[in-house]
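Residue strings, one per chain:
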Amino acid sequence: MKIPILMYHQIDEPPPRGTALRGLIVAPSSFGWQMRMLRLMGYKGLSMRDLEPYLHGEQQGKVVGITFDDGYQNNLVHALPSLKANGFTATCYGVSSMVGGTNAWDAGKVAQKPLMTQQDWLAWHGAGMDVGSHTQTHANLTELSDEAAQRQIVQSKDELQQVLGAEVRHFCYPYGWFKPEHEEMVRAAGYLTATSTRRGRVQTGDNPFALNRIMVARATNPLQFAAKITTRYEDARQ
């Protein structure tokens, strides 16, 4: 069974043409039809937590993982209503030391946008959504010493758990960059999965600490969206 895990960043009105990383900002109206389309196609959108039994081969079904990187406040404002309207859950990966801040790691490249506050994270989690870790500072793990990388992985889990008062079970590599030793650090820290930016659907037996995902971009049209979910469109691009 092939399982698509969708990767989103911001759900907001896209900035003007020519803006850096504009493609990572999906309009709320587009996200809305994408969620409705999944439901009409018979798919259930699930958080990484809810996807666990499918990844382990304990359950079968038409399921799609839904993930958001970075923890933007606009995920709560614009994505949550569509998720709830369709009966879906999703995982949002937070940057633990920047709760209530902005995407400072993008300074000088793109506009700064507010990240979720502690109250926002509690509202997201309270609505039945899942929270995962995206390190403490959105660090490029491949540029850090082993000690520093391990600290980013372990302490981000602890800090987010303190914010939520609940367990954080899933991790996402910032920028999608990681080495085999980082996979082991994630496992040793007590996470159950780690997602990357490598393209393709996943299946039972895949390495749970290097899971592929499928990016949904601003310009993704309905035909492309359906192909990403139901065909080898993304698998062939690994």
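Residues numbered from 1 in each chain as written. Predicted model: local features only at pLDDT ≥ 70, side-chain atom pairs only at ≥ 80, totals over all residues. Heavy atoms only, no water.

Attention shifts here to the overall build of the protein chain. Of regular secondary structure, the protein chain possesses seven helices and 10 strands. Here the C-alpha radius of gyration of the protein chain, 16 Å, is about what a compact globule of 238 residues would show, namely 18 Å. Summarising its shape, the C-alpha atoms of the protein chain cover approximately 45 × 40 × 35 Å along the three principal directions. Looking at the protein chain as a whole, 54% of its 238 residues qualify as buried. In the protein chain, 65% of the contacts between residues at least 6 apart in sequence involve partners at least 24 apart. Carbon and sulfur atoms make up 50% of the accessible area of the protein chain, which totals about 10000 Å². Charge centroids of the protein chain, computed over 24 positive and 22 negative side chains, lie 10 Å from each other. (Helix = DSSP H or I, 4+ residues; strand = E, 2+ residues; numbered from the N terminus. Rg over C-alpha atoms; globule rule 2.2 N^0.38 Å. Buried < 20%, exposed > 50% of the residue type's maximum accessible area, 1.4 Å probe, protein only. Contact = heavy atoms within 4.5 Å. Areas by Shrake-Rupley, 256 points an atom, 1.4 Å probe, with all protein chains shown as cover. Lys, Arg positive; Asp, Glu negative; His and termini not counted. Charge placed at Lys NZ, Arg CZ, Asp CG, Glu CD.)

Overall, the coordinates contain 10 salt bridges when judged by the stated rule. For Lys109, the salt bridge identified is with Asp106, shortest N-O distance 3.8 Å. When its relative accessible area of 8% is taken as the criterion, Asp106 is described as buried. Three or more residues joined by partner-sharing salt bridges are found here, namely Glu52, Glu167 and Arg169. (Salt bridge = Lys/Arg side-chain N within 4 Å of Asp/Glu carboxyl O.)

Most of strand S5 (residues 63–70) is tucked away: eight of the eight residues are buried. Note: strand S1 (residues 5–8) against S5, four bridges, orientation parallel. Residue Leu6 lies in a different strand from S5, and its bridge partner there is Ile66. One ladder, built from three bridges, connects strand S4 (residues 44–46) with S5; its direction is parallel. Looking at the pairing, Gly45 lines up with Val64 of S5. Each parallel crossover has a hand, and the one from S4 via helix H2 (residues 48–55) to S5 is right-handed. Judged from the four bridges that link them, S5 and strand S6 (residues 91–94) form a sheet pairing that is parallel. The residue of S6 that forms the bridge with Thr67 is Thr91. With helix H3 (residues 73–85) bridging S5 and the parallel S6, this β-α-β connection has right-handed handedness. (Pairing = 2+ DSSP bridges. Right-handed = clockwise from strand over helix to strand, strands pointing away.)

This part takes up the nonpolar core. Counting residues in each nonpolar core, the largest one holds 45 residues, and the members touching the most others are Leu6, Tyr8, Phe31, Leu38, Phe68, Leu83 and Trp124. When contributions to this core are tallied by element, the ones reaching two or more residues are S1, helix H1 (28–40), S5, H3, helix H4 (118–126), helix H5 (146–164), helix H6 (180–188) and helix H7 (222–230). The biggest single contributor to this core is H5, with five residues. Look past the residues within four positions of Phe68 in its chain and what remains in contact with it is Tyr8, His9, Ile11, Phe31, Asn75, Ala79, Leu83, Ala90, Thr91, Cys92, Tyr93 and Trp124. (Core = buried A, V, L, I, M, F, W, Y, C linked by side-chain atoms within 4.5 Å.)

Moving on to H1. Spanning 13 residues, H1 covers 18 Å between terminal C-alpha atoms, matching the ideal 18 Å at 1.5 Å per step. Within H1, the full set of buried residues consists of Pro28, Ser30, Phe31, Gly32, Gln34, Met35, Met37 and Leu38. Against S1, strand S2 (10–11), strand S3 (25–26), S5, H3 and H7 lie the buried residues of H1. (Expected span 1.5 Å × (residues − 1).)

We now examine the pairing of S1. Residues of S1 alternate between two faces, with Ile5 and Met7 on one and Leu6 and Tyr8 on the opposite face, all of them buried. For S1 and strand S10 (residues 211–215), the ladder comprises two bridges, and the chain directions are parallel. If you follow Met7 over to S10, its bridge partner there is Met215.

All chains considered together, the criterion is met by nine aromatic pairs. Ring centres 4.0 Å apart and planes at 10 degrees place the aromatic pair Tyr173 and Phe178 in the stacked group. Cation over ring: Lys62 sits above Tyr43, and NZ or CZ is 4.7 Å from the ring centre. Positioned over the ring face of Tyr191 is Lys157, at 5.7 Å from the centre of the ring. (Phe/Tyr/Trp six-rings, centres within 6.5 Å; stacked < 30°, edge-to-face > 60°. Lys NZ or Arg CZ within 6 Å of the ring centre and 35° of its normal.)

One can describe the packing of H1 onto H7 by two numbers: an axis separation of 11 Å at closest approach and a directional angle of 50 degrees. By the angle between their directions, the pair H1 and H7 is classed as oblique. Handedness of the crossing formed by H1 with H7: right-handed. Facing H1, whose interface residues are Trp33, Gln34, Met37 and Leu38, H7 presents Pro222, Phe225, Ala226 and Ile229. Among the residues making up the contact of H1 with H7, the classes are represented as seven nonpolar, one polar and no charged. (Axes fitted to C-alpha atoms, helices over the stretch in contact; angles between N-to-C directions. Parallel < 35°, antiparallel > 145°, perpendicular 65-115°, else oblique. Left-handed = near helix turned anticlockwise from the far one by under 90°. Nonpolar A, V, L, I, M, F, W, Y, C, P; charged D, E, K, R; others polar.)

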